[in-house]
Amino acid sequence: MHLPALIVFISVMSVDAAAPRTFLWQEVGNPSCIRCCGGAEEQADAPKKTRIKEYVMHPMPRVQPRIEMSILKGEKGNVGDKGPPGVSGKEGERGPHGVLGIKGQKGQVGPPGNSCKVQYSAFSVARRKSLHSTDYFQTVIFDTEFVNLYKHFNMFSGTFVCYIPGIYFFNLNVHTWNLKETYLHIMKNDQETAILYAQPSDRSIMQSQSLMLELKEKDEVWVRMFKRERENALYNDETDVYIIFNGYLIRSADE
């Protein structure tokens, strides 16, 4: 009874081992049941049932290989050279006017401008000697120079010559003589522009006159004495200075 089962098992094992992986064993029918509690005779009389196996073909599963790209990814390469510029496109239509923006804050003060544009002219001269008029008109000549920038004031002729057109300020200070008249003109070229006058008095006093003039190039400003019936004189001593003529540029015409 045991020998046939052993042969079948060996044959099945050999066939099963030799079968392809696509063939599987499938059992057909029920296995034979043997009553273990019955007698030997009942077991002999019972019908025998056998196991039957057959090959059943199953389709092979399709395997798709998967490549892990992170393993195959190499190091980052260098940036390539810049390519040539492309062809310029057509100019588009002009867009609508945008909304007016918010006014910005006031900027900081800029650096000073070029100093070569700034121009100066100034003088301050005096006379240390007294003066009596001898002619009807007599130019006042000054003998002391305090300031004479660029020598615009001519000490020999007693005239200021304008080399920088613009607006100038002039001032004349004198000391009168006792019982003598003081009559002076501040002249612009040949025109009387201002008068300094003091009547005869038993006391000598200081008199002053000032004005602003707009001058063109080559204009001249000077002081002259005007003699009438009375004697005209200016007082000064050797130690003090009373007769002073000043002038300076306020604003040039180029500014």
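Everything numeric here is computed off the predicted structure, so don't read it as measured data.

Enquirer: Can you walk me through the environment of E229 in this structure?
Expert: Relative to the helices and strands, E229 is located in the loop between β13 (220-226) and β14 (233-234). In this structure the C-alpha to C-alpha distance between E229 and Y136, which are 93 residues apart in sequence, comes to 9.9 Å.

Enquirer: Would you take a moment to explain the pairing of strand β15 (residues 243-252) for this structure?
Expert: Residues in a regular strand project their side chains so that they alternate between the two faces of the sheet. Inspection of the sheet shows strand β3 (residues 122-127) paired to β15 by six bridges, in the antiparallel sense. Within β15, the residue paired with A126 across the bridge is I244. Bridging between strand β9 (residues 166-175) and β15 involves eight bridges; their strand directions are antiparallel. Opposite I167, over in β15, you have R251 as the bridge partner.

Enquirer: Just checking my understanding: could you explain the pairing of strand β11 (residues 191-198) for this structure?
Expert: Relative to β11, strand β10 (residues 182-188) runs antiparallel, the two being bridged by seven bridges. The partner of I186 across the bridge, within β11, is A194.

Enquirer: How should the nonpolar core be read in this particular structure?
Expert: The nonpolar side chains of a soluble globular protein tend to be buried with one another. Membership of the largest hydrophobic core comes to 28 residues, with the highest contact counts inside it found for F160, F170, L184 and F245. Within the residue set of this core, elements represented by two or more residues are β3, β9, β10, β11, β12 (206-215), β13 and β15. Sort the elements by how many residues they give to this core and β9 lands first, with four residues. Beyond its immediate sequence surroundings of up to four residues, L184 is in contact with V140, L172, V174, A194, I195, L196, V223, R224, M225 and L234.

Enquirer: Which parts of the structure should I look at to understand the packing of aromatic side chains?
Expert: Geometrically, a pair of aromatic rings is defined through the distance of the ring centres and the angle of the planes. Following the criterion strictly, the structure yields 19 aromatic pairs and no others. An angle of 70° between the planes, with centres 6.1 Å apart, marks the rings of F142 and F153 as edge-to-face. Residue F142 is found in the loop between β5 (137-139) and β6 (144-148), and its partner F153 is found in strand β7 (residues 153-154); the two are separated by 11 residues along the sequence. F153 carries the same exposure label as F142, and that label is buried. Between F142 and F245, the aromatic rings sit 5.9 Å apart at their centres with planes inclined by 20°, giving stacked as the arrangement. Separated by 103 residues along the polypeptide, F142 in the loop between β5 and β6 and F245 in strand β15 bring together distant segments of the chain. For the pair F142 and F245, one class covers both residues: buried. Members of the aromatic cluster, connected to one another through ring pairs, are F123, F142, F153, F160, Y168, F170 and F245. Directly above the aromatic system of W177 lies the positively charged group of K180, at a separation of 4.2 Å from the ring centroid. The ring of F137 carries the charged tip of R224 above its face, separated from the ring centre by 3.7 Å.

Enquirer: Help me understand unusual backbone geometry in this model?
Expert: Phi angles above zero are rare outside glycine, and N189 is one such case at about 60°. Of note, N189 is situated in the loop between β10 and β11. Judged by relative accessible area, N189 falls into the partly exposed class, the value being 29%. Although it is not a glycine, K218 adopts a positive phi angle of roughly 75°. As for its position among the elements, K218 is in the loop between β12 and β13.

Enquirer: Sorry if this is basic, but what is going on with the pattern of salt bridges here?
Expert: Pairs can form between side chains of opposite charge whenever their charged atoms are close. A complete count under the given rule lists four salt bridges for this structure. The shortest N-O distance in the salt bridge between K180 and E231 comes to 3.6 Å. Within this pair, whereas K180 is found in the loop between β9 and β10, its partner E231 is found in the loop between β13 and β14, the two being separated by 51 residues in sequence. Residue classification places K180 among the buried residues on the basis of a relative accessible area of 16%. Of the charged contacts, one joins R224 and E192 as a salt bridge, the two residues approaching to 2.6 Å between their closest N and O atoms. A residue pair is termed long-range when its members are at least 10 positions apart, and R224 in strand β13 and E192 in strand β11 qualify at 32 residues. R224 gets classed as buried once you look at its relative accessible area, which sits at 10%.

About the thresholds
- The residue numbering used here restarts from 1 in each chain and proceeds along that chain's sequence as written.
- Only residues with pLDDT of at least 70 get local features here, since the model is predicted, and only at 80 or more are side-chain atom pairs given and counted; chain-wide, interface and lining totals rely on the full set of residues.
- As a rule here, side-chain values come from all non-hydrogen atoms in the structure, and water together with hydrogens is ignored.
- Put simply, DSSP marks the helices as runs of H or I at least four residues long and the strands as runs of E at least two long, and each gets a number from the N terminus on.
- Here the rule is simple: two strands pair whenever DSSP picks up at least two bridges between them.
- Residues belong to one nonpolar core when they are buried, are Ala, Val, Leu, Ile, Met, Phe, Trp, Tyr or Cys, and are joined through side-chain atoms within 4.5 Å.
- Categorising residues by exposure relies on relative accessible area from a 1.4 Å probe, with only protein chains included: less than 20% of the type maximum marks a residue as buried, more than 50% marks it as exposed, and the intermediate range marks it as partly exposed.
- In what follows, residue pairs with any heavy atoms lying within 4.5 Å of each other are defined as contacts.
- We call Phe, Tyr and Trp rings a pair once their centres come within 6.5 Å, taking the six-membered ring for Trp, and we label the pair stacked below 30 degrees between planes, edge-to-face above 60, and tilted otherwise.
- In this analysis the charged atom, NZ for Lys or CZ for Arg, is taken to sit over a ring once it is within 6 Å of the ring centre and within 35 degrees of the ring normal.
- We count a salt bridge whenever a side-chain nitrogen from Lys or Arg sits within 4 Å of a carboxyl oxygen from Asp or Glu.

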